[in-house]
Amino acid sequence: MIGGHVTHSLLLNLGRIGDRVNAWPSAITCQLSRQHIYLLVLCLTEFEFYVRMPSDPPLFPLCFDAQTKPLGMSSTNVSTEAAHHAIARLAEHLPDPQCELMFNSPFELLVATVLSAQCTDKRVNQVTPSLFKQFPTVRELAAAGTTEIESIIHSTGFYRAKARNIQACAMMVVEDHDGEMPRDLEQLCQLPGVGRKTANLVLGVAFRIATGVVVDTHAGRVSQRLGLTTQSKADKIECDLMALVPKEQWIDLGHRLVLHGRHTCTSKRPQCDTCAIRDACPQIGVS
Ligand code: SF4
């Protein structure tokens, strides 16, 4: 990796610069607010992290390694109290959130999650029983031909790329991990077709290891409407959510946001009139 890590002390020093800027004359302050300085620090930090060689293992913005808010950069659209209240109401509404994908092993969950890209969980659940019946183990899937996989998963869309990734994933798990699913975020992210969202989901659901908050399109939308974030990109939204709740809540929070977005706070017609958490929702962006 070019550059190396931005150290905590460097960030703290930059944060202090931000504090000092607040003491500058108001003409300057109004153009260079504390928030701008923090955004600048964030950009520099992320630039550092994202300038990578293709062969480098995945690295993530600093906030993904921290349980607490880095430099107070969380970008909620409501007060922290209001954000916590909304999260608590969501937890009351969905006390035991579960992943809706069906699976019998961590590897099956990984495959189901890869298949769920641009596809509903319902459809994936219709396809995976046939797939795992024909290829019951990771070794059998590794030895399978992609055309065989394609014919089974065809209805999930993007089937060629998904078949290629699933077969390559199985091969890598067999060859590099002796057939066992890695329980490490970075190792998981090295598998073909596996990004941070998939790795978070697999680690959280299959192993109850909290490495982040799963942010898909539903979770992102609900987070924005509840005012938990002002961000639009999944990784930034995840940073905000991770900063809002302790690590023990990351897994369930992700599930709750996904489920609420899928079943109630839908994209086109959110069911605000009957929504169980309406009292805690500022309905940001809902017309
Ligand atoms: S009140 Fe409406 S916008 Fe708010 S969470 Fe419920 S459905 Fe979504």
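Participant: So what exactly am I meant to see when it comes to the overall build of the protein chain here?
Facilitator: Looking only at helices and strands, one finds 14 helices and zero strands in the protein chain. Traced from its N-terminal end to its C-terminal end, the protein chain shows the element sequence α-α-α-α-α-α-α-α-α-α-α-α-α-α. By the burial criterion, 37% of the 287 residues in the protein chain qualify as buried. Counting only contacts in the protein chain whose residues sit at least 6 apart along the sequence, the fraction spanning at least 24 positions is 63%.

Participant: Looking at this structure, I do not really get the nonpolar core. What am I missing?
Facilitator: Soluble globular proteins tend to pack their nonpolar side chains together in the buried interior. Within the largest apolar cluster, 62 residues are counted, with the highest numbers of intra-cluster contacts made by Ala-86, Leu-110, Ile-166 and Val-202. It is helix H5 (residues 106-115) that provides the largest number of residues to this core, a total of seven residues. Here Ala-86 is in contact with Leu-226, Leu-228, Ile-277, Ala-280 and Cys-281, once residues within four sequence places are set aside.

Participant: What is the right way to read the site of the ligand from this model?
Facilitator: Among the 14 residues in the neighbourhood of the ligand, the closest are listed as Cys-265, Pro-270, Cys-272, Cys-275 and Cys-281. Of the residues that constitute the shell around the ligand, the class distribution is nine nonpolar, three polar and two charged.

Participant: What is the right way to look at the confidence of the model for the protein chain in this model?
Facilitator: Close inspection of predicted coordinates is inappropriate in any region flagged by low pLDDT. When pLDDT is averaged across the protein chain, the result is 82; 74% of the residues are at 70 or more. Contacts from residues 1-30, a stretch scored under 50 in pLDDT, to residues over four places away or in other chains number 27 contacts. In the predicted structure, residues 66-72 sits below a pLDDT of 50 and forms 12 contacts with residues beyond four places in sequence or in another chain.

The rules we used
- Residues numbered from 1 in each chain as written.
- Predicted model: local features only at pLDDT ≥ 70, side-chain atom pairs only at ≥ 80, totals over all residues.
- Helix = DSSP H or I, 4+ residues; strand = E, 2+ residues; numbered from the N terminus.
- Buried ≥ 20, exposed ≤ 12 C-beta atoms within 10 Å, placed from the backbone.
- Contact = placed C-beta atoms within 7 Å.
- Core = buried A, V, L, I, M, F, W, Y, C linked by C-beta atoms within 7 Å.
- Near = placed C-beta within 6 Å.
- Nonpolar A, V, L, I, M, F, W, Y, C, P; charged D, E, K, R; others polar.
- pLDDT = per-residue confidence, 0-100.

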